[in-house]
Amino acid sequence: MMMMKFQDLYVDPADVAKFQHEIEKKGSVRDHEAKLLKKGGKVMQCLLIATQKRAEDGTITGYQGIVRDITAQKAMEEALRESEKRYKELSITDDLTGLFNQRHFYNQLRAEIDRISVTSIRWPSCC
């Protein structure tokens, strides 16, 4: 990897431009998320920490940094989001019929009454 161009590792060319813009603006990046290609072409989600390497005249000669593979963490986060979505759905619907349950009905009713109460109270202009 040391002799490769970093642009060749990116899955999405737009991510390369985003990385370059950020590092040129700040001189370094920390916790920059990107999808990179592993050996064999497998995609991994990564966090990058990088700084610019400069020559004595100030020109950028390359980048130096650390790449951390967070693919497993991202997969767990997605599984957790899906689980939360499913449990929320189960908590407001009847398992047998698939219809909303009483708790959901009363919560929606309360929200609608509150909404109507706030928006529909209008005092007569004569008073």
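See above for the structure.
Residues numbered from 1 in each chain as written. Predicted model: local features only at pLDDT ≥ 70, side-chain atom pairs only at ≥ 80, totals over all residues. Heavy atoms only, no water.

**A short note on the pairing of strand E3 (residues 60-69)**
Here comes step 1: Where strand E2 (residues 43-54) lies against E3, 9 bridges are found, and the strand directions are antiparallel. Across the sheet, the residue bridging to leucine 47 is arginine 68, located in E3.
Here comes step 2: Adjacent in sequence and paired antiparallel, E2 and E3 are bridged by 5 residues, among which glycine 58 carries a positive phi angle near 95 degrees. (Pairing = 2+ DSSP bridges. Helix = DSSP H or I, 4+ residues; strand = E, 2+ residues; numbered from the N terminus.)

**Examining the sheet that holds E2**
Here comes step 1: Spatially, the 3 strands line up as an open sheet ordered E1-E2-E3, and their pairing is antiparallel. Strand pairing shows two members of the sheet lacking a second neighbour, strand E1 (28-37) and E3, which therefore form its edges. On average, each strand axis in the sheet is inclined to that of its neighbour by 40 degrees, with strand direction left out of account.
Here comes step 2: Bridge count for E1 against E2 is 8 bridges, and the pairing is antiparallel. Looking across to E2, one finds that histidine 32 is bridged to leucine 48.
Here comes step 3: Taken strand by strand, helix H1 (residues 13-26) contacts E1, E2 and E3, and its axis lies near 165 degrees from that of E1.
Here comes step 4: Against the sheet, helix H2 (residues 71-92) touches E1, E2 and E3, its axis set at about 135 degrees to E2. (Axes fitted to C-alpha atoms, helices over the stretch in contact; angles between N-to-C directions. Contact = heavy atoms within 4.5 Å.)

**Topic: the pattern of salt bridges**
For side chains of opposite charge, pairing can occur when their charged atoms come near one another.
Here comes step 1: Per the stated rule, a full pass over the model turns up 7 salt bridges.
Here comes step 2: The residue lysine 74 makes a salt bridge to glutamate 33 at a minimum N-O spacing of 3.1 Å. Here the residue lysine 74 occupies a position in helix H2, and glutamate 33 occupies one in strand E1, the gap between them amounting to 41 residues.
Here comes step 3: Note on glutamate 33: relative accessible area 42%, which makes it partly exposed. (Salt bridge = Lys/Arg side-chain N within 4 Å of Asp/Glu carboxyl O. Buried < 20%, exposed > 50% of the residue type's maximum accessible area, 1.4 Å probe, protein only.)

**With respect to the nonpolar core**
Here comes step 1: In terms of nonpolar packing, the biggest core is built from 13 residues, with Tyr10, Phe19, Leu36 and Leu48 touching the most fellow members.
Here comes step 2: When contributions to this core are tallied by element, the ones reaching two or more residues are H1, E1 and E2.
Here comes step 3: If you tally residues by element for this core, the top one is E2, at 4 residues.
Here comes step 4: For leucine 48, the residues in contact, after removing those within four places along its chain, are Tyr10, Phe19, Val29, Arg30, Asp31, His32, Ala34, Leu36, Ile66 and Val67. (Core = buried A, V, L, I, M, F, W, Y, C linked by side-chain atoms within 4.5 Å.)

Any functional reading would require information beyond the geometric quantities listed.
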